[in-house]
Amino acid sequence: VFPAELRAAVARLLGRATQAFSPYCYFDVTETEGMSTNEIYDAVQLYLSSTAAPAAGARLSLSRPHNASSFTFGLAASDRVFDTFRGAAVTWEHVVAPRQSQGFSWRPLPEEKRRFTLRIRRGDRDKLLPAYLDHILASAADIRRRSLDRLLYTNARGGAMDARGLPWDPVPFKHPSTFDTLAMDPDRKAAIMADLRDFADGSAFYERTGRAWKRGYLLYGPPGTGKSSMIAAMANYLGYDVYDLELTEVGSNAELRKLLMKTTSKSIIVIEDIDCSVDLTNRAAAPPAPTKPRPNIDGTIDQDASAGAARSITLSGLLNFTDGLWSCCGSERIFVFTTNHIEKLDPALLRSGRMDMHIFMSYCSFPALRILLKNYIGLQDDNSDGCAVIMACLEEWIEAAEITPADVSEVLIKNRRSGRKEATEELLEVVKARAEKRRRQSCPATTGKEAGDNEEEEEEKRALESPKEGHKAGMAGPDEETEAKKQL
Ligand SMILES: Nc1ncnc2c1ncn2[C@@H]1O[C@H](COP(=O)(O)OP(=O)(O)OP(=O)(O)O)[C@@H](O)[C@H]1O
Ligand SMILES: [Mg+2]
């Protein structure tokens, strides 16, 4: 009886009337916005799939993005989920409607129109918007980053760019080291984890204090104490990409800056063995004379290089890299330097504020040993599997042995099939032998002469250099050894 126009007008009127009296307000987040996809729609989908509680019976759709190692869930049509933010409850509904033909379009549009409808109480509106949407965007970015495999970048090509103009080569980063598997003093470990977490969550803090959002860690200690493992654990903990910077491949300070500019935020920039890479001892040292410019991968030669620019990085170039104005292009970056010899580094590199945290990776302590025993052979506590006495001995000897976690892991790997008690006994033997050796080395009776293995090595070297002297030394060796033994 009634014409369609009238019916539509009445429906609109009724809709407005109900909206006027409704305690809720509604917001639509459509899948496409004009011709482009709506970023917020994807973010909402990702956020809801991981954080909000679906209503009973809700049907979730499963997906796994390309190159990702984990699954994500999405809502199916007409499903509702509930969420709370700052104490206010909100409801999301996923609405899917068939698309009516809208004339000609260059791009094939999906057959269905999808949208999320957000329902919030009118009174909560000011409290929730736009903070709630910001929260969703940030959470979605975080989930996306975590679900995608992370990458390890290297600058193995020197300063040469690839076809896309990037100087970094990426490979999937799948290092299994985590803070759970890392053997070190639990208190120090907890402090480092808290520091990393504070850094990652510290956007507002860094903005408020006017500091660049970056942090530097210097890991130092003998070889095999877990410096590289710590970097992998940091990356796995925060979900950051790793840029492994090979300083010897970098030709000049300008190249270093270019490399830095091409790193992404939320990344760890690593320079391993910084004392071995370049001569960093003298900040004021002039760069060495220019060398012949190296050609790029495509055979071309950089203009500035061919013009005779010094192709060598200096300490001040490196300091600018970590600390200067350039270091702030992009944000949320962690610089990690490792070294076996902290005493070789220039004080400028160590001053506070440059490397925020100096972490000493020490020889294996007893608490660290416990972690290794638990991880490698499943020894739950000191008294299990009849190991109480052996553990007490290990506690007594381990500090004196100055044994690295890498050496302990080797012993445990070798003996992991032979039972917990046997493996621990074997470890105790190794620890005792090492402690003895250390004691011999540090014994005052042998000062001025290297004892034990070192002496033998020295002797071998001398024998090779001059057979006569070597013979003499060979004669003197055992005498001194018997002397030392007597004194011991
Ligand atoms: N603290 C540790 N916790 C767990 N495993 C460790 C630890 N330290 C060393 N390891 C083991 O020893 C191996 C070598 O360790 P890593 O490469 O981390 O040592 P590093 O300190 O980086 O040595 P370098 O100074 O020679 O580079 C690793 O594969 C790891 O399994
Ligand atoms: Mg290492």
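Model, not experiment: these values are computed from the prediction.

Undergrad: Even after reading the chapter, I still don't get the overall build of the chain, so can you show me in this structure?
TA: Looking only at helices and strands, one finds 18 helices and 16 strands in the chain. For the chain, buried positions account for 25% of its 488 residues. At a minimum sequence separation of 6, the contacts of the chain that also span at least 24 residues come to 70%.

Undergrad: Quick question: what am I supposed to make of the site of ligand 1 here?
TA: Lining the immediate surroundings of ligand 1 are 16 residues, of which Pro-223, Gly-226, Ser-228, Pro-405 and Ala-406 lie closest. Breaking the shell around ligand 1 down by element, the ones donating at least two residues are α7 (227-238) and α15 (405-414). For the shell around ligand 1, the domains that each give at least three residues are domain 2 (151-360) and domain 3 (366-442).

Undergrad: Looking at this model, I keep getting lost on the environment of Ile-269. Mind explaining?
TA: For Ile-269, the location among the structural elements is in strand β14 (residues 267-271). Given 24 C-beta atoms within a 10 Å radius, Ile-269 is considered buried. Sequence separation of Ile-269 and Tyr-240 is 29 residues, and the distance between their C-alpha atoms is 10.0 Å. Dropping the residues within four chain positions of it, Ile-269 is found in contact with Tyr-243, Leu-245, Thr-263, Arg-333 and Phe-335.

Undergrad: Just checking my understanding: could you explain the nonpolar core for this structure?
TA: With 67 residues, the main nonpolar core has Ile-231, Ile-268, Val-270, Val-336 and Leu-372 as its most contacted residues. Each of domain 2 (151-360) and domain 3 (366-442) gives at least three residues to this core. Other than its neighbours up to four places away in sequence, Ile-268 contacts Ile-231, Met-234, Ala-235, Tyr-240, Val-242, Ile-334 and Val-336. Residues Val-29, Val-44, Val-81 and Ile-136 belong to the second largest nonpolar core, which totals 14 residues.

Undergrad: Which parts of the structure should I look at to understand α15?
TA: Those residues of α15 that fall on the buried side of the exposure criterion are Pro-405, Val-408, Val-411 and Leu-412. The buried residues of α15 occupy one face: seen down the axis, they fall within an arc of 120°. On its buried face, α15 sits against α13 (366-377) and α16 (420-442).

Undergrad: Please clarify how the sheet that holds strand β15 (residues 333-339) should be interpreted in this entry.
TA: Strands in a sheet are paired, the pairing made by backbone hydrogen bonds, and the direction either parallel or antiparallel. The 7 strands are arranged β11-β10-β13-β14-β15-β12-β16 in an open sheet whose pairing can be described as mixed. In this open sheet, the two strands that pair with only one neighbour each are β11 (169-172) and β16 (357-360). Neighbour-to-neighbour, the strand axes of this sheet turn through a mean angle of 20°, independent of strand direction. Looking at chain direction, strand β12 (residues 214-220) and β16 are connected through 4 bridges and run parallel. Bridge pairing in β16 places Tyr-220 opposite Phe-360. Sheet strands touched by α7: β12, β13 (241-244), β14 and β15. Its angle to β14, the strand with the most contacts, is close to 170°.

Undergrad: Where do I start with the confidence of the model for the chain in this structure?
TA: Keep in mind that low pLDDT regions are not for reading the predicted coordinates in detail. The pLDDT averaged across the chain works out to 77; a share of 73% of its residues lies at or above 70. Here residues 285-295 is modelled with pLDDT under 50, and outside its nearest four sequence neighbours on either side it reaches 20 contacts, counting other chains as well. This stretch, residues 459-488, has a pLDDT under 50; its non-local contacts, to residues over four places away or in other chains, come to 18 contacts. Both scores are available for the predicted complex, with the pTM at 0.67 and the ipTM at 0.98.

Undergrad: It is not clear to me how unusual backbone geometry should be interpreted in this structure. Could you clarify?
TA: Most peptide bonds take the trans configuration, and most residues that are not glycine carry a negative phi. In this structure, Pro-130 follows Leu-129 across a cis peptide bond, with omega equal to 5°. Relative to the helices and strands, Pro-130 is located in the loop between α3 (125-128) and α4 (131-147). Phi is positive for Glu-402, close to 45°, though the residue is something other than glycine. Along the chain, the position of Glu-402 falls in the loop between α14 (388-401) and α15.

Undergrad: For this particular structure, what's the right way to read the environment of Phe-360?
TA: With respect to the helices and strands, the residue Phe-360 is situated in strand β16. The sequence separation of Phe-360 and Arg-188 amounts to 172 residues, and the corresponding C-alpha distance is 9.9 Å. Aside from chain neighbours lying at most four places away, what touches Phe-360 is Tyr-220 and Gly-221.

Undergrad: What is the right way to read helix α2 (residues 39-50) from this model?
TA: Quick reminder: α-helices carry 3.6 residues per turn. Residues three or four places apart thus point the same way. Here α2 contains 12 residues, and its C-alpha end-to-end distance of 17 Å stays within 8% of the 16 Å for a straight helix at 1.5 Å per residue. Those residues of α2 lying buried are Ala-43, Val-44, Gln-45, Leu-46, Tyr-47, Leu-48 and Ser-49.

Undergrad: When you look at the environment of Arg-438 in this model, what are you seeing that I'm missing?
TA: If you trace the backbone, Arg-438 turns up in helix α16. Separated by 38 residues in sequence, Arg-438 and Ala-400 have C-alpha atoms that sit 7.3 Å apart. Not counting residues up to four positions away in its chain, the partners in contact with Arg-438 are Ala-400, Ala-401 and Glu-402.

Undergrad: I'm lost on the packing of α14 against α16 in this one. Help?
TA: Each packed pair of helices is defined by two parameters, the angle between the axes and the distance between the axes. Two elements in contact, α14 and α16, have axes whose closest approach is 8 Å; the angle formed by their N-to-C orientations is 30°. In this view, α14 runs roughly parallel relative to α16, as classed from their interaxial angle. Every pair of crossing elements has a handedness; the one defined by α14 and α16 is left-handed. Between α14, through Ile-390, Cys-393, Leu-394, Trp-397, Ile-398, Ala-400 and Ala-401, and α16, the contact on the second element is made entirely by Thr-424, Glu-425, Leu-427, Leu-428, Val-431, Lys-432, Arg-434, Ala-435 and Arg-438.

Rules used throughout
Residues numbered from 1 in each chain as written. Chains lettered and ligands numbered in written order. Predicted model: local features only at pLDDT ≥ 70, side-chain atom pairs only at ≥ 80, totals over all residues. Helix = DSSP H or I, 4+ residues; strand = E, 2+ residues; numbered from the N terminus. Buried ≥ 20, exposed ≤ 12 C-beta atoms within 10 Å, placed from the backbone. Contact = placed C-beta atoms within 7 Å. Near = placed C-beta within 6 Å. Domains from an automatic or database assignment. Core = buried A, V, L, I, M, F, W, Y, C linked by C-beta atoms within 7 Å. Arc of directions from axis to C-beta. Pairing = 2+ DSSP bridges. Axes fitted to C-alpha atoms, helices over the stretch in contact; angles between N-to-C directions. pLDDT = per-residue confidence, 0-100. Expected span 1.5 Å × (residues − 1). Parallel < 35°, antiparallel > 145°, perpendicular 65-115°, else oblique. Left-handed = near helix turned anticlockwise from the far one by under 90°.

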